[in-house]
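# Observations on the three-dimensional arrangement
This is what each chain is made of:
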Amino acid sequence: MQNSLAIHPDHFRQVQNDGFTDIGSLLDYESGGNTFRLHCQNGEVTAVFYNASTLRVTMNPDGEAELGRNSHVLIPGPEETDVRVEDAEDRLLLETNSMTVVVSKNPCRITLLDRATGKAMAAETERGMMYNARGEVACFKAMDADDHFYGFGEKAGFLDKRGEKMTMWNTDVYAPHNQETDPLYVSVPFFMGLREGKAYGIFFFNTFRTVLNLTGEQEYFFWAEGGQLDYFLFAGPGPKEVIGQYTALTGRIPLPPKWAIGYHQSRYSYQSEAEVRELVASYQQKQIPLDAIHLDIHYMNGYRVFTFDKSRFPAAGRLIRELKEAGIRIVPIVDPGVKADPEYGVFKQGIAQGAFCRKMDGSVFYGQVWPEKSAFPDFSEKDVRRWWGSLHRYYTNLGIEGIWNDMNEPSVFNDSKTMDLDVVHGNDGQPATHRELHNLYGYLMSKATYEGMKEEMDNKRPFVLTRAGYAGIQRYAAVWTGDNRSFWEHLEMSMPMCMNMGLSGIAFCGADVGGFAHDSNGQLLVRWTQLGALMPYFRNHSELKSIRQEPWAFGPAIEALVKRYITLRYQWLPYLYGLFREASLTGIPLMRPLLLEYPQDVNTYNLNDQFMLGSQVLVAPVTRPDTNVRAVYLPVGRWFDYWTDQVLEGGRHVLVQAPLDVLPIYVKEGAILPHVPGRLTTGEPEEELVLHVYLPQPGADAAEYTLYEDDGGSFDYSRGALYEQRITAALSEPLTLDIRAEIICGGYAPSWKRKTIIVHGAPAGLEVKVDGVAAALREPELPGLAGRIAVEWE
Ligand code: GLC
């Protein structure tokens, strides 16, 4: 409950200079390879080049930097890096092959230079680095009038966070999310600054409650209530480079199993085997694609994790097996709270092994969650993670391949909404308070879950979905945005939220389609399904007391549209899968804010209601009720309307018609887009591959695409069992389209029996050559669409 007490003057404290000690002047320094120890008046600053484009800066009032703490979040240690040093009277210049850093001496301040222009980026201001007696630390950086800020993990509100103040403290928020609902479930203290197309990144590697405050005009700061000032500076110089640098440090998504990127249906809760079977029968009878059904808390025996309620699910194993034979996976929810029941095996084991979180006095911390009094595993300990991971054998033995982690902030039904702060985690020999590790709890739970599942799944790829996380969570789990509502505003907000998550390394994310709480309606469900169909993670989920929102819940007309867009997802699967592969290798998200592709274009800097899917496709969903028309910004270039093939000149806003059955999608001239026919599950073999080629301009650079395929479920791809084909298309003469396809890796044989190329924008008389040979026309002109021809591709 909130009333005006929330704004009592005593609750208001700002970070100001008073009480804080500045690090002071640089007195002298020592260097060894890539490490610089800067001895300052009031403490020590350590600067370590992790590689040529990543610098780690730590500040400690008394003594050396602690570089090993919570280091499991980081993937590589520092690499050997050549650093040239220029020691001038007032400053030290540190330069690698891709990064120039100035350390001013009086006072000690750290600034990144843009190498092209010599301009200061991420410059520390007069206030610089500081600490106080309460153990708080802060760092102030200059903000230019043209600076824009993105990332910050899971945050409500708009894309550009300039003017916002954000706290990192994983929190279960059931209240409606709006721009000032902060913090939420996931904490990623990483952001990217963008100025006139140039970008740098900062990862504030501190797991305590932190605040990133961008409300100032000329400076911003990041602050933590404890721990050391410790941040990584990424040199860019473009936004994609920043993401590459950040995810090289904190990891990239594993390639998901294909079924996990199909459509998921959830409800709090499908409460019995009969209900699940009825649900599947409806999907099958209505021929609506489906890959996964989620079981929410009611599947368990009294909310005891790692159990099934025998009366509701008398034969869970058979159900799971039979559904899997039909290509549908069951994903059960697993919360961290273990029911304190002395006759329950998991609780007994946890107590016997000392696996639960303990308070300072050594007693187990108990909190109320769904099973009432519960204990919480201390995931900061390797042994506990292993134990928890191994418990998943219960699920894998039943044939389960995906787990849904929830309530792992951890959420506790008490005033603080979480565990007591005097819980002391073992932390593998480096004991730490819950105040320090709170933000890591969900991340560590999902790590334990992913690793345990992987261990038990015999070379199959596990899928883990989580609500809470920290930087690096992408290595273990997909993230959904928690308890949204069936509000049009939440449909709209899911775009900037997921785009910023993507910029923060979390490429596999999504929001509950149709809205979780509140009552959905037909129109909203159609619009949300349209968007969800092209978001990385696609799950319809709703709450106990809300009206039903399965595809058929609002009558046949709505059902037909929802089905059409779920089917669209399956048609687009090879393109999506290729983007997942790219994200797993580079960190670049599938769902991209336009600024990522067009960082020089100021029109993209706070474009919230449209996104790029990869670099070639622009999606502009409708997010308002009774709205059949919307403005779309098309960046410079020529764009094909996906539905009509109408070509639109970009570099402008256009007003487009979008009746309820239309999701506006634009494909860039020169794009190559693979499709397969819609199927009922991703497990059905892809019989036909259709390569859509959007005619490039004569003389323009060849269109290029890398087609990716593998078995969709095992880790064999990591040992070379994959198929990769590089395809190019160029208009060599005005009427000859030259398509070339080169197999880069043939370690896997795709299932396509027939391959077709459809050329869009084909002028009359266009000849298509594939690898130099004239291709036979399959269909000279596709009905109703001038300029589309289909040719055979052997
Ligand atoms: C939380 C989750 C929600 C789930 C519910 C019951 O509110 O965010 O998705 O349905 O708990 O488990």
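No experiment lies behind these values; they were computed from the predicted model shown.

Turning next to the nonpolar core. Counting residues in each nonpolar core, the largest one holds 194 residues, and the members touching the most others are Phe203, Val276, Ile293, Trp388, Trp572 and Leu613. Apart from residues lying up to four places away in sequence, Trp388 is in contact with Val305, Phe306, Val334, Asp335, Pro336, Val338, Pro377, Phe379, Met445, Ala448 and Thr449. Val45, Leu112, Leu212 and Leu233 belong to the second-largest nonpolar core, a separate cluster that totals 44 residues.

Another aspect to go through is the pairing of strand β49 (residues 736-746). By the bridge criterion, ten bridges tie strand β48 (residues 723-733) to β49 in an arrangement that is antiparallel. Bridge assignment links Ala729 to a residue of β49, and that residue is Ile739. What sits between the antiparallel neighbours β48 and β49 is a turn of two residues. In terms of strand pairing, β49 meets strand β51 (residues 767-770) through four bridges, oriented parallel. Paired with Ile739 across the strands is Val770, a residue of β51.

In this section: the environment of Ile333. Within the fold, Ile333 resides in strand β23 (residues 329-334). Setting aside residues up to four positions removed in sequence, Ile333 forms contacts with Leu295, Asp296, Ile297, Tyr299, Met300, Tyr395, Trp404 and Asp406.

So, about the site of the ligand. Within the structure, the ligand sits among Tyr268, Asp296, Ile297, Ile333, Trp370, Trp404, Asp406, Arg467, Trp480, Asp483, Phe516 and His541. Side-chain polar atom of Asp296 to an oxygen atom of the ligand: 2.5 Å apart, as the coordinates give it. Interatomic distance of 2.8 Å between a side-chain N/O atom of Arg467 and an oxygen atom of the ligand. Protein contacts shield 96% of the accessible area of the ligand, which totals 300 Å² for the unbound molecule. Looking at the shell around the ligand residue by residue, the classes come out as seven nonpolar, one polar and four charged.

Looking at the element boundaries, Asp172 is found in the loop between β14 (165-168) and β15 (186-187). Within the structure, the side chain of Asp172 is placed 2.7 Å from the side chain of Ser411, a separation counted as a polar contact. Side-chain polar atoms of Asp172 contact the side chain of Arg467, separated by 3.4 Å. Apart from residues lying up to four places away in sequence, Asp172 is in contact with Tyr185, Met407, Glu409, Ser411, Lys417 and Arg467.

What follows covers the packing of aromatic side chains. Scanning the entire structure with this criterion turns up 53 aromatic pairs. Between Phe205 and Phe232, the aromatic rings sit 6.4 Å apart at their centres with planes inclined by 45°, giving tilted as the arrangement. Of this pair, Phe205 sits in the loop between β17 (198-204) and β18 (210-213) while Phe232 sits in strand β20 (residues 229-234), and the two are 27 residues apart along the sequence. Grouping residues by exposure puts Phe205 and Phe232 together as buried. Between Phe640 and Tyr694 the ring centres are 5.1 Å apart and the planes differ by 65°, which places this aromatic pair in the edge-to-face class. Residue Phe640 is located in strand β41 (residues 638-641), and its partner Tyr694 is located in strand β46 (residues 688-694); the two are separated by 54 residues in the primary sequence. Comparing Phe640 with Tyr694, the two get one shared label, buried. One aromatic cluster is present, built from ring pairs that chain together Phe306, Phe347, Phe356, Tyr366, Phe379, Trp387, Trp388, Tyr394, Tyr395 and Tyr441.

A few words on unusual backbone geometry. Looking along the chain, the bond that leaves Asp182 and enters Pro183 is cis, with omega of 0°. The omega torsion of the bond from Glu409 to Pro410 falls at 0°, within 30 degrees of zero and hence cis. Along the chain, the position of Pro410 falls in the loop between β28 (402-405) and β29 (423-425). With phi around 45°, Asp428 is a residue other than glycine that occupies positive phi space. For Asp428, the location among the structural elements is in the loop between β29 and β30 (432-433). On the basis of relative accessibility, which here comes to 38%, the residue Asp428 falls in the partly exposed class.

Three or more residues of helix α5 (residues 382-391) are buried, namely Val384, Arg385, Trp387, Trp388, Gly389 and Leu391. Its buried side turned inward, α5 meets β23, β24 (338-339), α4 (345-352), α6 (393-397) and α8 (441-456).

Thresholds, definitions, all that
Residues numbered from 1 in each chain as written. Predicted model: local features only at pLDDT ≥ 70, side-chain atom pairs only at ≥ 80, totals over all residues. Heavy atoms only, no water. Core = buried A, V, L, I, M, F, W, Y, C linked by side-chain atoms within 4.5 Å. Buried < 20%, exposed > 50% of the residue type's maximum accessible area, 1.4 Å probe, protein only. Contact = heavy atoms within 4.5 Å. Pairing = 2+ DSSP bridges. Helix = DSSP H or I, 4+ residues; strand = E, 2+ residues; numbered from the N terminus. Near = heavy atom within 4 Å. Polar contact = N/O pair within 3.5 Å; in protein donor to acceptor, adjacent residues only side chain to side chain. Areas by Shrake-Rupley, 256 points an atom, 1.4 Å probe, with all protein chains shown as cover. Nonpolar A, V, L, I, M, F, W, Y, C, P; charged D, E, K, R; others polar. Phe/Tyr/Trp six-rings, centres within 6.5 Å; stacked < 30°, edge-to-face > 60°.

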